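# Understanding the architecture of this molecule
Single-letter residue listing:
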Amino acid sequence: MIKVSDSAKKKAIELMQEDGFDAVKDFIRVGVKSGGCSGLSYELKFDSVQRDDDKLFEDNGVKILVDKKSFLYLIGTTLEYSGGLNGKGFVFNNPNANRTCGCGESFSL
């Protein structure tokens, strides 16, 4: 399961609408790829197509797609949004990460 905070929900819906997506029927696609200063990095984008190998979650009114490989790294993660002057944007609070980089965009297990 992947959870979505209230702040992430609000910002995601706003950005989806700006990009021509409908938060009621479209998805946030979350994934993990090799790279970044800690070894693995997060991916986040909007999508309107669910693939056969995707796991679908819905939390706080937001639909999230995760490919099966990435899901193993993201179990229990909460997607949050940090705005303001020192804000980082979308932040992944991942209980599986043993180490993260200073920017929070990459991690290792």
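It should be noted that the structure appears before, not after, this text.
Residues numbered from 1 in each chain as written. Predicted model: local features only at pLDDT ≥ 70, side-chain atom pairs only at ≥ 80, totals over all residues. Heavy atoms only, no water.

### What to know about the pairing of strand E6 (residues 78-82)
Bridging between strand E1 (residues 3-4) and E6 involves two bridges; their strand directions are parallel. What sits directly across from Val4, in E6, is Leu79. Bridge count between E6 and strand E7 (residues 89-93): five bridges; the pairing is antiparallel. The partner of Glu80 across the bridge, within E7, is Val91. (Pairing = 2+ DSSP bridges. Helix = DSSP H or I, 4+ residues; strand = E, 2+ residues; numbered from the N terminus.)

### Remarks on the nonpolar core
Of all hydrophobic cores here, the largest spans 20 residues; its most connected members are Ile28, Val30, Ile64, Val66 and Leu74. If you list the elements that add at least two residues to this core, you get helix H1 (6-18), strand E2 (27-34), strand E3 (40-47), strand E5 (62-67) and helix H2 (68-74). Leave out the neighbours within four places in its chain, and Ile28 touches Ala12, Met16, Leu44, Lys45, Phe46, Val62, Lys63, Ile64 and Leu65. (Core = buried A, V, L, I, M, F, W, Y, C linked by side-chain atoms within 4.5 Å. Buried < 20%, exposed > 50% of the residue type's maximum accessible area, 1.4 Å probe, protein only. Contact = heavy atoms within 4.5 Å.)

### A word on the packing of aromatic side chains
All chains considered together, the criterion is met by four aromatic pairs. Between Phe21 and Phe46, the ring centres sit 5.8 Å apart and the planes meet at 55°, which makes this aromatic pair tilted. Taken together, the positions of Phe21 in the loop between H1 and E2 and Phe46 in strand E3 put the pair 25 residues apart, joining distant regions of the chain. You can call Phe46 buried: its relative accessible area is 15%. (Phe/Tyr/Trp six-rings, centres within 6.5 Å; stacked < 30°, edge-to-face > 60°.)

### Focus: the side chain of Asp26
By secondary structure assignment, the location of Asp26 is in the loop between H1 and E2. Excluding residues that lie within four positions of it along the chain, Asp26 makes contacts with Met16, Phe21, Asp47, Ser48 and Lys63.

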